[in-house]
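Structural overview for review
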Amino acid sequence: MGKQTDNEAGPVGLRLDKWLWAARFFKTRALAQAAVEGGKVRLNGERCKCSRGLKPGDQLHIHIQDLEWRLTVRGLSAQRGPAPVARLLYEEDPASIQAREERIEARKAQGDPGISIKGRPTKRDRRLLHRFNEGG
């Protein structure tokens, strides 16, 4: 069987999970598959399966943790290459770029939640912890 090919346009119907991996959105295909199956990736506004064929011009919405990408597929590649080459496979919506950068800045402004914790608990802290855990 193998890949379907079009005489002029190159490969047609590349698997969605393979493209997400090659475009460097996920470190492994297994993570890409889990995201697609979990509904974190939408193709042309709809949920889909990992094996769904992807073609240039398709619209993708990708949610990873609290970040979102809205992009258009520009190229297909079944091989994972360097990041500058991977960025050529898609074109991101300018509003998506701005929203993601704002979210990253907001996360940086919040600060580290554990900054007030310094090292091991003191003897007093341990007593309070024991009292809390034991309910007495």
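Figured I'd write up the structure that's included with this text. (Residues numbered from 1 in each chain as written. Predicted model: local features only at pLDDT ≥ 70, side-chain atom pairs only at ≥ 80, totals over all residues. Heavy atoms only, no water.)

1. Some remarks on the overall build of the chain
Formally: By the criteria applied, helices consist of DSSP H or I runs no shorter than four residues and strands consist of E runs no shorter than two, each listed in order from the N terminus. Within these notes, the globule rule equals 2.2 Å times the number of residues to the 0.38 power, and the radius of gyration is based on C-alpha atoms. The protein chains shown are the only cover counted for residues, whose accessible areas, like all others here, come from Shrake-Rupley with a 1.4 Å probe. We treat Lys and Arg as the positive residues and Asp and Glu as the negative residues; His and chain ends play no part in the count. In this description, the location of a charge corresponds to atom NZ of lysine, CZ of arginine, CG of aspartate or CD of glutamate.
The helix and strand inventory of the chain stands at five helices and nine strands. Of the regular secondary structure in the chain, the N- to C-terminal order runs β-β-β-α-α-β-β-β-β-β-α-β-α-α. Over its C-alpha atoms the chain spans a radius of gyration of 22 Å, topping by over 25% the 14 Å that the globule rule assigns to 136 residues. Working note: accessible area of the chain is about 9,900 Å², and carbon and sulfur atoms make up 51% of it. Between the centroid of the 27 positive side chains of the chain and the centroid of its 17 negative side chains there is a distance of 10 Å.

2. Structural notes on the layout of surface pockets
Convention followed: Residues are said to line a cavity or pocket when one of their atoms sits within 4 Å of a point; the points come from a 1 Å grid over protein atoms alone, cavities being sets where a 1.4 Å probe fits but cannot get out and pockets being open sets with protein on both sides within 12 Å along at least five of seven lines. Grid points are joined across faces, edges and corners, and a volume is the space filled by probe spheres set on the points. Residues are sorted three ways: Asp, Glu, Lys and Arg are charged, Ala, Val, Leu, Ile, Met, Phe, Trp, Tyr, Cys and Pro are nonpolar, and all the rest, Gly among them, are polar.
Estimates place the volume of the largest pocket at around 160 Å³. Lining the largest pocket are Ala23, Arg24, Phe25, Ile64, Trp69, Ala83, Ala86, Arg87, Tyr90, Glu92 and Arg100. Its residues placed into classes, the lining of the largest pocket shows seven nonpolar, no polar and four charged.

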